[in-house]
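# Summary of structural features
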Amino acid sequence: MSRPHGPSDQASGGIPSTTLPPLFAQIFATAADAMLVVDGTGQIVLANAQCAQLFGYPIERLHGLTIDQLVPTRLRTAHRQHRRAYSQHASPRPMGLNTTLRARHADGSEIPVEISLSPLEVEGLAFVCANIRNVSELRRVQQAVERVNRAEAVAEFGRLALGTQSMADTVGYACRLIREHLKCDAVMIARCGSTALQPQLEAGCESDAERLVGLLPHVARAMGRLVTKQAEPVLLIKEPSQVAPTLAEALRGANFRSALVCAIPDAEGRSGLIGAFGALGNTFASEDSSFLRALANTLGAVRQRRSAEEQLFQSQRLEALG
């Protein structure tokens, strides 16, 4: 098994050769998953062949990197914070089971991974062993299943929306679907009314009103700017730093870091907004917008149908009076 180069392992901060019995070295080298060992400063001191294959670096090059360099640039600051917090309370811990972790390949591409961390102490020095698994294929299967589930949910929502007379019930059901399928912390369904810059939350969507009321005008303005650029405007925010300072401040004030918002269409353009918000960054992916837009189109169709029914009823009433 390859080890770091240098005058001596002890001097370079690596694991002393006397602590690597042949059996351990063989298990480490032949493990099915990528494995690496990191010292207290975050520098990689050991890596196996599977790790080199996963990240696209020769093993000797991996020994010259820090673990932060195997993380996408946009996530490195948060990763350093997590690493420091883990070092203070180190314990065996799986990561990425309920959320997608991202690693960075040598060519700059991103790899979805699951990671298991195990603290080590060797001759008084603290290390962490990371077992890393590429879950690209697993994620593809999960996404295919999720697409089917979402399609069935949208179809069921359409049937329910057309069969109920209560718009509040329809909105409430849409909120439940968004929470279930997008795993978000807050849901917004709002009507624009006479001015698109002053949307009002729909009845049936009041549970997050306190957090959303100050954020709504900023989201509406951001969506207004997108209307001139996109046929079907979608506001996807993965981190507050990506958007204008006023909107970023409003997001942080409501304890959100990510958002996904679509327009609810009507015959004249957009009659409202539908959105999901997350307390963590990078909560939503671009494919999530298809599900949200499908719900938005259904809500828009229901609104137009009920508006037409009301106009017809009013016309018939006036005709009867005449």
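Everything discussed here concerns the structure shown above.
Definitions and limits used
Residue positions are counted from 1 within each chain, in the order its sequence is given. For a predicted model such as this one, the threshold for reporting local features is a pLDDT of at least 70, and the threshold for listing and counting side-chain atom pairs is 80 or more; totals across whole chains, interfaces and linings nevertheless cover every residue. In computing side-chain values, all of the structure's heavy atoms are included and hydrogens and water are not. Burial classes: relative accessible area under 20% of the type maximum marks a residue as buried, over 50% as exposed, and values in between as partly exposed (1.4 Å probe, protein chains only). Each helix corresponds to a stretch of at least 4 residues labelled H or I by DSSP, and each strand to a stretch of at least 2 residues labelled E; elements are numbered beginning at the N terminus. Paired strands are those between which DSSP finds at least two bridges. The contact criterion used is simple: two residues touch if any of their non-hydrogen atoms lie within 4.5 Å. For this analysis, a salt bridge means a side-chain nitrogen from Lys or Arg found within 4 Å of a carboxyl oxygen belonging to Asp or Glu.

Turning next to the pairing of strand β7 (residues 186–191). Within β7, 5 of the 6 residues are buried, which leaves the element mostly enclosed by the surrounding structure. Sheet analysis places β7 next to strand β8 (residues 200–201), joined by 2 bridges and oriented antiparallel. By the bridge assignment, A190 is partnered in β8 with L201.

Within the secondary structure, T170 sits in helix α7 (residues 167–182). In this structure T170 touches F157, A161, T164, L299 and R306, once residues within four positions along its chain are discounted.

Its place among the elements puts D288 in helix α11 (residues 288–321). Take D288: its relative accessible area is 10%, and that puts it in the buried class. Apart from residues no more than four positions distant in its own chain, D288 is found in contact with R150, L182 and L260.

Turning our attention to the pattern of salt bridges. Under the counting rule described, the total for this entry stands at 12 salt bridges. The residue R133 makes a salt bridge to D33 at a minimum N-O spacing of 2.8 Å. One end of the pair, R133, is in strand β6 (residues 125–134); the other, D33, is in the loop between α2 (22–30) and β1 (34–39), and 100 residues separate them in sequence. Look at R133 and you get partly exposed, because its relative accessible area is 44%. Residue classification places D33 among the buried positions, given a relative accessible area of 16%. The salt bridge involving E110 is made with R74; its shortest N-O contact spans 2.4 Å. Here the residue E110 occupies a position in strand β5 (residues 110–122), and R74 occupies one in the loop between α4 (59–62) and α5 (76–88), the gap between them amounting to 36 residues. A single network of salt bridges, built from pairs that share partners, joins D68, R80 and R83.

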